[in-house]
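Fold and geometry: a report
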Amino acid sequence: MVRKSLNILLVIGMVISFYSCSKNKIEPIPPPEPVPQPTGVGTPAVLFVPQVFLQSINPPIIPANNPQTVEGIALGRKLFYDPILSGDGTQACADCHAPEFSFTDSNQFSTGITMLQGNRNSMAIFNAAWNWNGQFFWDGRANSLEEQALGPVVNPIEMNNTWPAAMASLQADGLYPSMFNDAFGTTVIDSNLVAMAIAQFERTLVSANSRFDRFLLGQLALTPQELSGFNIFNDGNLGGGDCFHCHGSAANPLWTDNDFHNNGLDATFTDNGLGAITGNPNDNGKFKTPSLRNLAYTAPYMHDGRFATLDEVLDHYSQGVVMSPTIDALMQHAGTGGTQMSPSTKADLKAFLLSLSDPDFITNPAFQDPNP
Amino acid sequence: MKLITKSLLGIFLLGTLFTSCSKDEGCTDPAANNFDVEALKDDGSCTYDKLPEEVHEESHITFNFMHHFDGIPVTAANFNQFNFVTANGDTISITKLRYLVSDMRLYTTSGDSVMMNGYNLVDLTNGTGLSYEAGESDLGAFAGIGFNFGFDTTDNAGNYLDLNSANWNWPVMIGAGYHNMQFEGKYKFNGADSLYAYHNGTASNMGAHEQNHISVRLPGIALNEHNVVVTIEMNIAEWFRNPNTWDLNANHSNLMMNYGAQKMMQANGYNVFSLGAVSQRK
């Protein structure tokens, strides 16, 4: 306290020194000419934080240079559902990220406008503002939601457009220039503003009303099978599920650690995942932990969509785990090929996992296609 | 006193920078009764009600956490390499190391302690929490420095949003609360890679939960300056050595639900930490 006061005095002293001098030597600086301010920089919109998050985890991350606005969200929502962004005007973000599938699709690999397919499963989108490390995609190659949104538009196997062409299409549209003006105060459309608007819309895609969420809030009782499954989720013993180190807990209801792991899918890798981005061979075969929310809508599973059903996923963790140089030490039953769950254990675990799905999320009117 | 002198010196030096400005002389001490805002050169005319009081001096304490394996420095840069040999002769690599420290404290010579509340998650894997500004204390000599490895029973019952977000929780069925440590890697067994997950937290035995944190006490230090940086060193090798020579092939995984393993970790943990360099500056 004492030192703080002294520092303040020092600053005051400095200011006085300068003031004393400038008053004698320098003409007062005229105030700057008023600069025309952009009109319509948007109406601030507070991101809804559900109670199960509020009571347990850190606040959402919203970049200071892209605050949520009513107009920005509306623009992003329209763009998300509009095929205008694709090279031939036939494909929108929502074609591979559809609300009924929790903003993924039901295919192992999605097909782009030139009928090409990639080697990764389309990722579900929800609770993106709670992705602490800010790394998006299965391999973490985008460092923000905004950066992520820039990717698919120009990816040759996805929307296969160029940004100059996409911006020209938007600029020539009858509605978009005024919507950009409302959201960002400019009618000059550029790719960064497109990505910012889409990211704003995506941040509103909050899912937190599953049966388990309502159980956490004391609003309902789980079935005995669901409760048994939750204990199996937390059971690290052979025969248990041993899921919690990567997939959250009642205190971390994101149901992901937002980190990257090799979960023992393959002995050798055809896709290096995170390692291809970092260049570190110790990261080869690592992919982002997907949330366990909304599994009822997001099949198929894994970064390459190799498992068509949840039963196949549980069989993998039970009997299908294989060693590899970068396998995560958390796969602690890898030596026995997995946790060796019994059929009834798997059935109970599956019941718990499905209690994390949120039917209100996929039908939320605010998230649906706004275009006529 | 030193800082007052420094402030006066600062004002004086700044004043001299502008000696080309036309200026009156006067009292230039803002703390004086007759402080003259226009004066740039002090003429010795300052008057005071009374002499400035003796300043009560404090020290800001920062803890740095350093890690080694019997003298080999360990950072994330030498993770994933079979660089280390345990007391049992197991050759190991490290893939993750993070742990919680709480209630940093200083023991006074009269037997009390000065608590610096709070906690810090040291994460060697991501390079976060390696430096922790714990708080303030009066200057002086202290008989010891200490902290808890993990949370004590009371703190372990709290709800910490940042730790929840870091997925640091310990399952309810084995005592709830939080991990003390997650320490993972591989060991060689018959030439092949095997996995270990040396996780520490509440010890649970047939439904009975037993606190398992470690109250660490290290030698005393003197706080002489306003900023003191205390280095805490972890010798990772000690987790495998004393009093329990750790056989990784017997205890490599599923240790969280293993009461005996948890208590052996606690016993070995008392020998893990030591006091490293202490640096002091104004």
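Only a predicted model underlies this, so the values are computations on that prediction, with no experimental measurement involved.

1. So, the packing of helix α3 (residues 70-80) of chain A against helix α8 (residues 191-203) of chain A
Residues and elements named next belong to chain A. Between α3 and α8, the least distance of the axes is 7 Å, while the angle of their chain directions is 100°. On the basis of the axis angle, α3 is roughly perpendicular to α8. Contacts between α3 and α8 pair G72, I73, L75, G76, R77, L79 and F80 from the former with V194, A197, I198, Q200, F201 and E202 from the latter. Of the residues contributing to the contact of α3 with α8, the split by class is eight nonpolar, three polar and two charged.

2. Details of the pairing of strand β6 (residues 91-107) of chain B
Residue and element names in this part refer to chain B. Across the 17 residues that make up β6, a large majority, 15, are buried. Note that strand β5 (residues 84-85) and β6 share two bridges and pair antiparallel. Pairing of F84 across the sheet is with I92, part of β6. Note that β6 and strand β7 (residues 113-123) share nine bridges and pair antiparallel. Bridge pairing in β7 links S102 to Y119. Hairpin connection, β6 to β7: the antiparallel pair is bridged by five residues, and G111 has positive phi, about 100°. In this sheet, strand β10 (residues 144-149) lies alongside β6 in antiparallel orientation, the contact comprising five bridges. For L106, the partnering residue across the bridge sits in β10 and is I145.

3. So, the packing of aromatic side chains
Going through the model one piece at a time under the given rule, you end up with 38 aromatic pairs over all chains. Ring geometry for Y119 of chain B and Y160 of chain B: centres 4.9 Å apart, planes at 75°, overall edge-to-face. Taken together, the positions of Y119 of chain B in strand β7 and Y160 of chain B in the loop between α2 (153-156) and α3 (161-165) put the pair 41 residues apart, joining distant regions of the chain. Grouped by ring-pair contacts, the aromatic residues F65, Y99, F147, F149, F183, Y196, Y198, W239, F240, W246 and F273 of chain B constitute a single cluster. For K78 of chain A, the ring lying beneath its charged end belongs to Y176 of chain A, and the centroid distance is 5.2 Å.

Calculation criteria
- Residues numbered from 1 in each chain as written.
- Chains lettered and ligands numbered in written order.
- Predicted model: local features only at pLDDT ≥ 70, side-chain atom pairs only at ≥ 80, totals over all residues.
- Heavy atoms only, no water.
- Axes fitted to C-alpha atoms, helices over the stretch in contact; angles between N-to-C directions.
- Helix = DSSP H or I, 4+ residues; strand = E, 2+ residues; numbered from the N terminus.
- Parallel < 35°, antiparallel > 145°, perpendicular 65-115°, else oblique.
- Contact = heavy atoms within 4.5 Å.
- Nonpolar A, V, L, I, M, F, W, Y, C, P; charged D, E, K, R; others polar.
- Buried < 20%, exposed > 50% of the residue type's maximum accessible area, 1.4 Å probe, protein only.
- Pairing = 2+ DSSP bridges.
- Phe/Tyr/Trp six-rings, centres within 6.5 Å; stacked < 30°, edge-to-face > 60°.
- Lys NZ or Arg CZ within 6 Å of the ring centre and 35° of its normal.

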